[in-house]
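Listed below are the residues making up each chain.
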Amino acid sequence: AKSCQAVSLFTSDKADASVLQTLAGYGVKYIALRSVGFDHVDLKEAKRLQMQVANVPAYSPHSVAEHAVTLLMTLNRKILLSQELMRVNDFRLDGLTGFDVHEKKIGIVGIGKIGETFARIMNGFGCELLCYDPCPRHELEVQLNIRFVDLAYLCTHSDVISIHCPLNKTTTHLFNKELFSIMKKGVFVINTARGPIINTQDLMQALDAGIVGAAGLDVYEFEKGLFFHDHSSKKTDDQVFQKLRLYKNVLITGHQAFLTETALKNIAQTTAYNLNCFAKGALSINALEK
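Per-chain numbering applies: the sequence of each chain, read as written, is numbered from 1 onward. With pLDDT at 70 or above as the cut-off, local features in this predicted model cover only qualifying residues; side-chain atom pairs require 80 or more to be listed or tallied, and sums for whole chains, interfaces and linings still use all residues. Excluding hydrogens and water, the side-chain figures rest on all heavy atoms present in the structure.

Asks: For this particular structure, what's the right way to read unusual backbone geometry?
Replies: Most peptide bonds take the trans form, and the phi angle of most residues other than glycine is negative. Positive phi values are uncommon outside glycine, yet Glu103 reaches one of about 70°. Numbering of helices and strands runs from the N terminus, with a helix taken as a DSSP run of H or I at least four residues long and a strand as a DSSP run of E at least two residues long. Turning to its location among the elements, Glu103 is positioned in the loop between α4 (79-87) and β4 (105-109). For Glu103, a relative accessible area of 59% gives the class exposed. Despite not being glycine, His255 shows a phi value in the positive range, around 55°. Partly exposed describes any residue whose relative accessible area lies between the buried limit of under 20% and the exposed limit of over 50%, with all areas from a 1.4 Å probe on protein chains only and scaled to the type maximum.

So, in C-alpha cells, the structure goes:
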C-alpha cells in the first residue's frame, strides 16, 4: 500500500485503528470496501485520520436471500443425508422427513434490502411473516403481509428464524443463551449476515438441548483467518468450529451467500465508481464517512 492513495478491502480484511494508522502513514486517504458490511473498519479512527470510507450498499440482495432459502430447504428436506444414502444404494426413507414450509411462521431479523428480498421469497411460499427491526418499514406490512413484532415475540412464535441485520455493538451476540431459551422448540436458525451475531457456544448448547432443531450458517463467529483460505493440508486449531461442524443438523457454508455472477459484477462496478469519485475529488453517494 505504500505510495497508494486508496486501498480496497473485503469482509475478511481487518482495518482496526493500528492498520488504518499504518495505511495513513503510507499516504492512503480512501478505503473502498467491496462489501455492504463495514464492521471490520474502525470508522471513528478513519474519520480522525481524515480517511474517506465507502461501501457497496447494494449489489444483489437476491444472492444472499436465495442462499438463506437454500440453507433452509436443504436442512428441512434432508438433502445431504439423502445423497449420502443414495451413494451407498440405501433407498429407504428413514430419517428423511421434512415439513411443509407453507403456512409456517418465519421470523426475519432485519428488514433491509436482503431481509426484504428474503421476505418476498417466503411470502411466495405462503408463510406467515414476523419481522423485528429497530426501524420498521410499515409500507411492507401491506405489500408482503409482514407483521412487525418485538424480538422476544418473534423468537417464541417462529418456526424458522433468518438473520439479516448488520453487526454492531447492539447485535453482537444478539442471539445468546437467554434468547435461545425462549425459542420455540425445534426452531430452524439461518444466519447469512455476520457470524458474531450468534454466540456459537450458546447455539451449540441450544442444539444439544433440542431447542434449535437445525442451523444453517453461511457465517461463523470466528471465521477470520479460517474462511477464504485453503486449510486442506492441515487440521484447524479451532476446537469450536470442529465441534460445530460435527452436528448432523448443522449446515455450514464458507461465507459464499453473496457469490453469484450478478453480485460480483455489481460489486466491481460500484467499487470502481467509488474509486472514480475519489479520483475526481467528488464524494461517493454511499460514503460512510466524509
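Still more ground to cover, so stick around.
Asks: I would appreciate a short explanation of the sheet that holds strand β6 (residues 146-148) in the present structure.
Replies: Across a sheet, paired strands are connected by hydrogen bonds in the backbone, their directions being either parallel or antiparallel. Judged by pairing direction, the sheet is parallel, and its seven strands sit side by side in the order β6-β5-β4-β7-β8-β9-β10 without closing on themselves. The open sheet has two edge strands, β6 and β10 (250-252), and neither has a second partner. Across the sheet, the mean angle separating the axes of adjacent strands is 20° when strand polarity is ignored. Strand pairing is assigned whenever DSSP identifies at least 2 bridges connecting the two strands. As judged from the three bridges shared by strand β5 (residues 128-132) and β6, these two strands associate in the parallel manner. From the neighbouring strand, Leu129 faces β6, where its bridge partner is Ile146. Every axis corresponds to a line fitted to the C-alpha atoms, with the helix fit spanning only the stretch in contact, and the corresponding angles, defined between N-to-C directions, vary from 0 to 180 degrees.

Asks: Explain the pairing of strand β1 (residues 6-9) here, please?
Replies: Strand residues, when the strand is regular, have side chains that alternate between the two faces of the sheet. Across the two faces of β1 the burial differs, with Val7 and Leu9 buried and Ala6 and Ser8 not buried at all. As paired strands, β1 and strand β2 (residues 30-33) are joined by four bridges and run parallel to one another. Bridge assignment links Leu9 to a residue of β2, and that residue is Leu33.

Asks: What is the right way to read the environment of Ser232 from this model?
Replies: Tracing the backbone through its elements, the reader meets Ser232 in the loop between β9 (212-217) and α10 (239-244). Assessed through its relative accessible area of 65%, Ser232 is described here as exposed. Polar contacts involving the side chain of Ser232 include one to the side chain of Asp230, which spans 2.6 Å. Polar contact criterion, stated in full: a pair of N or O atoms within 3.5 Å, where within protein one must be able to donate a hydrogen and the other to accept it, and residues adjacent in sequence count only if both atoms are side-chain atoms.

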